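# Survey of secondary and tertiary structure
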Amino acid sequence: MDYSILEIADIVKAKTQNLTSATVNTLLIDSRSLTYPESTLFFAIKTKSNDGHKYIKQLYDKGVRNFVVEHIPEEQFEDNTNFVIVKDTLSALKQVAKYHRQRFNIPVIGITGSRGKTTVKEWLYQLLRDDYNIVRSPRSYNSQIGVPLSIWDIDDNTEIAIIEAGISQRNEMSSLADIIKPTITVITNIGNEHAEGFDSIYEKSTEKLRLSENSECVIYNNNDSVIYSGIINLGYGTQEFCWSRSNTDVPLFISSVIKHKNSTTINFSFLLSDKSITIPFTTNYAIENAINCLATLYSLKIEIDDNIIQRFAKLTPVGTRIDVSEGVNQCLIVYDTYTCDYKSLAQSIDFTNRRATAIRTSKVILSDVLEENIPEKEVYQNIANLLKIKNIKRLIGIGKKISKYAELFECDAQFFTSTEEMAKNLSQSDFSNELIFM
């Protein structure tokens, strides 16, 4: 969604002079992730370890002309460069995101907790992506910076947004809640992770629960005494959509959980209707995450029909890591265990390119990406454009879908319908002095 630089200045209440006409639709806080300089607005954010103001000239040389700053840089810039001067650039970023969020009247699911936030977010996406245009937090973008950037991705085509909110100390959640304004809040659990910023687990619980203050509905495990006590003590008056494995009076009663060798069947009752789902996992964490997803679907008034039941059975693991290792023939391999979709791909390639050297060219090995609720050809056209912008020299595409759109890719590319076919046609000698993302 486009904003004029004058709109941005008005949103952050900045005093500016002589702003030239400009349109922005991309917010940037990391100079290494620049993709579309002409439409980018860079926030020069100061952190404990760095200062974004140091990278303004570098970005200017790459074509960026719009900046939100706390002071004007000493370097000389042409008259068509816009500087919006604010007291605090991080606060300004939050103000812009808050304003942007208020423009949309759609279901927004805010997820918080100590564990499982990313898994619940990704599983909800897997369960709903065939039916809705969904915006979700990229990776684990759940911080004071990550949440505003996640909210910015919402546009006029978005039907549901799923946003993570993570905190590590007191007095952080209120500002995130003010930006996200979730219509539904999901509390995954409250554990001892990141507890050093709190005096007790009860204080931590209370802080996380502030995300639900203005929600229409809050989802949680009624058997978790810490969460239950926090909700009662805060008394927000939010509708509770809790679930339990022992209390039959709750909206979603889990009557039994039966673990098999490689799967788990969850039997449940909702509004006197008995049903069951099976998930391809057996850990207690996975079971709890799946139940939270089930409760969220019910809160969205989505029927748990045969299609949804089949989707639960096909849920896939959610990785959160990017591993870097040495390969053969002086290659460096960057392996992404995260969900493969367009938005995640852009960030992974940025991560990869930061490790580029003069002796290594960039190569991407890419399989068919997750289906989006947009035309398939458009998805692969977007990927082709991204690889071109990011200066990827070689591509190996694996899968029937990506192979179908081979003509869209302008780089040196090879396509195979399966991993087995690739293994038959390529050997170690085909890889040398490359930075390989896969």
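Placed above this text is the structure.
To start, this report covers the structure provided alongside it. (Residues numbered from 1 in each chain as written. Predicted model: local features only at pLDDT ≥ 70, side-chain atom pairs only at ≥ 80, totals over all residues. Heavy atoms only, no water.)

Before going further, it helps to examine the overall build of the protein. Within the protein one finds 14 helices and 21 strands. Here the protein, with 438 residues, has 52% of them falling under the buried criterion. Here the contacts in the protein between residues at least 6 apart in sequence split such that 61% fall between residues at least 24 apart. With the model as given, the accessible surface of the protein reaches about 20700 Å², and the carbon-plus-sulfur share is 46%. Averaging the locations of the 47 positively and 55 negatively charged side chains of the protein gives two centres separated by 3 Å. (Helix = DSSP H or I, 4+ residues; strand = E, 2+ residues; numbered from the N terminus. Buried < 20%, exposed > 50% of the residue type's maximum accessible area, 1.4 Å probe, protein only. Contact = heavy atoms within 4.5 Å. Areas by Shrake-Rupley, 256 points an atom, 1.4 Å probe, with all protein chains shown as cover. Lys, Arg positive; Asp, Glu negative; His and termini not counted. Charge placed at Lys NZ, Arg CZ, Asp CG, Glu CD.)

You can see asparagine 267 is positioned in strand S14 (residues 264-270). Separated by 2.7 Å, the side chains of asparagine 267 and serine 256 make a polar contact. (Polar contact = N/O pair within 3.5 Å; in protein donor to acceptor, adjacent residues only side chain to side chain.)

So, about the packing of aromatic side chains. As enumerated under the stated definition, the model contains twelve aromatic pairs in all. With a centroid separation of 5.3 Å and 70° between ring planes, the pair formed by phenylalanine 77 and phenylalanine 83 is classed as edge-to-face. Summarising the burial analysis for this pair, phenylalanine 77 and phenylalanine 83 share the class buried. These aromatic residues form a ring-pair network of at least three members: Phe42, Tyr60, Phe67, Phe77 and Phe83. Over the aromatic face of tyrosine 60 sits the side chain of arginine 65, whose NZ or CZ is 3.8 Å from the ring centroid. (Phe/Tyr/Trp six-rings, centres within 6.5 Å; stacked < 30°, edge-to-face > 60°. Lys NZ or Arg CZ within 6 Å of the ring centre and 35° of its normal.)

This brings us to the packing of helix H4 (residues 117-128) against helix H9 (residues 284-299). Two quantities define a packed helix pair, namely the angle between the helix axes and the distance between the axes. At their nearest, the axes of H4 and H9 sit 9 Å apart, and the two run at 50° to each other. For the element pair H4 / H9, the angle class is oblique. Between H4 and H9 the crossing geometry is right-handed. Contact with H4, carried on its side by Thr119, Val120, Trp123, Leu124, Leu127 and Leu128, involves Ala286, Asn289, Ala290, Asn292, Cys293, Thr296 and Leu297 of H9 and no other residues of that element. (Axes fitted to C-alpha atoms, helices over the stretch in contact; angles between N-to-C directions. Parallel < 35°, antiparallel > 145°, perpendicular 65-115°, else oblique. Left-handed = near helix turned anticlockwise from the far one by under 90°.)

A few words now on helix H3 (residues 89-101). The periodicity of an α-helix, 3.6 residues per turn, causes residues three or four positions apart to be oriented the same way. For H3, with 13 residues, the first-to-last C-alpha span of 18 Å sits near the 18 Å given by 1.5 Å per residue. If you check which residues of H3 are buried, you get Thr89, Ala92, Leu93, Lys94, Val96, Ala97, His100 and Arg101. Where H3 begins, the capping side chain belongs to aspartate 88, and its oxygen is found 2.9 Å from the backbone nitrogen of leucine 90. (Expected span 1.5 Å × (residues − 1).)

To continue, consider the environment of lysine 98. Tracing the backbone through its elements, the reader meets lysine 98 in helix H3. Remark: the alpha-carbon pair of lysine 98 and aspartate 178, spanning 80 residues in sequence, is separated by 6.9 Å. Once residues lying within four places of it in the same chain are set aside, the contact partners of lysine 98 are Asp178 and Ile179.

As a further point, take the sheet that holds strand S3 (residues 26-28). Strand order in the open sheet formed by four strands is S3-S4-S5-S6, with parallel pairing between adjacent strands. Taken across any chain shown, the strands that pair with only one partner, and hence form the sheet edges, are S3 and strand S6 (82-85). Going across the sheet, the axis of each strand differs from the next one's by a mean of 20°, ignoring polarity. With three bridges connecting them, S3 and strand S4 (residues 40-43) associate as parallel partners. Across the sheet, residue leucine 27 finds its bridge partner in S4, namely leucine 41. The sheet strands contacting H3 are S3, S4 and strand S5 (66-69), and the helix crosses S4 at an angle near 140°. (Pairing = 2+ DSSP bridges.)

This part is about the pattern of salt bridges. Under the criterion given, the structure shown has 15 salt bridges. Note that lysine 46 and glutamate 70 form a salt bridge whose closest N and O atoms lie 3.6 Å from each other. You can see lysine 46 sitting in the loop between S4 and helix H2 (56-61) and its partner glutamate 70 sitting in the loop between S5 and S6, a full 24 residues away along the chain. On the basis of relative accessibility, which here comes to 43%, the residue lysine 46 falls in the partly exposed class. It is possible to trace a salt-bridge network through shared partners that takes in Lys121, Glu122, Arg136 and Glu164. (Salt bridge = Lys/Arg side-chain N within 4 Å of Asp/Glu carboxyl O.)

Every buried residue of helix H8 (residues 225-234) is accounted for by Val226, Ile227, Gly230 and Ile231. All buried residues of H8 project into a common sector of 130° when viewed along the axis, lining one side. Looking at the buried side of H8, the elements it contacts are strand S10 (184-187), helix H7 (201-209), strand S11 (217-221) and strand S12 (239-244). At the N-terminal boundary of H8, the capping side chain belongs to aspartate 224, with an oxygen 3.1 Å from the backbone nitrogen of valine 226. Downstream of H8 by a residue or two, glycine 235 has a phi angle that is positive, lying close to 60°. (Arc of directions from axis to C-beta.)

With that settled, consider the sheet that holds S12. Pairing within the open sheet is mixed, and its nine strands lie in the order S8-S9-S7-S10-S11-S12-S13-S14-S15. Single-partner strands in this sheet number two, and they are strand S8 (134-136) and strand S15 (273-279). Along the sheet, successive strands turn relative to each other by an average axial angle of 20°, direction set aside.

With that settled, consider the environment of serine 114. Considering the arrangement of structural elements, one finds serine 114 in the loop between strand S7 (108-112) and H4. Through-space distance from the C-alpha of serine 114 to that of isoleucine 232 is 20 Å; in sequence the pair is 118 residues apart. Among the polar contacts listed, one links the side chain of serine 114 to the side chain of lysine 204, at a separation of 3.2 Å.

What follows is about the side chain of histidine 100. Among the structural elements, histidine 100 can be located in helix H3. Overall, the relative accessible area of 1% leaves histidine 100 in the buried class. A distance of 2.7 Å separates a polar side-chain atom of histidine 100 from the backbone oxygen of isoleucine 154.

In this structure, Ile109, Leu252, Leu297 and Phe312 are the most contacted members of the largest nonpolar core, which totals 42 residues. Every residue in contact with phenylalanine 312, bar those within four places of it in the chain, is listed here: Leu127, Ile277, Thr278, Ile279, Pro280, Ala290, Cys293, Leu294 and Leu297. Within the second largest apolar cluster, 23 residues are counted, among which are Leu366, Ala384, Phe409 and Cys411. (Core = buried A, V, L, I, M, F, W, Y, C linked by side-chain atoms within 4.5 Å.)

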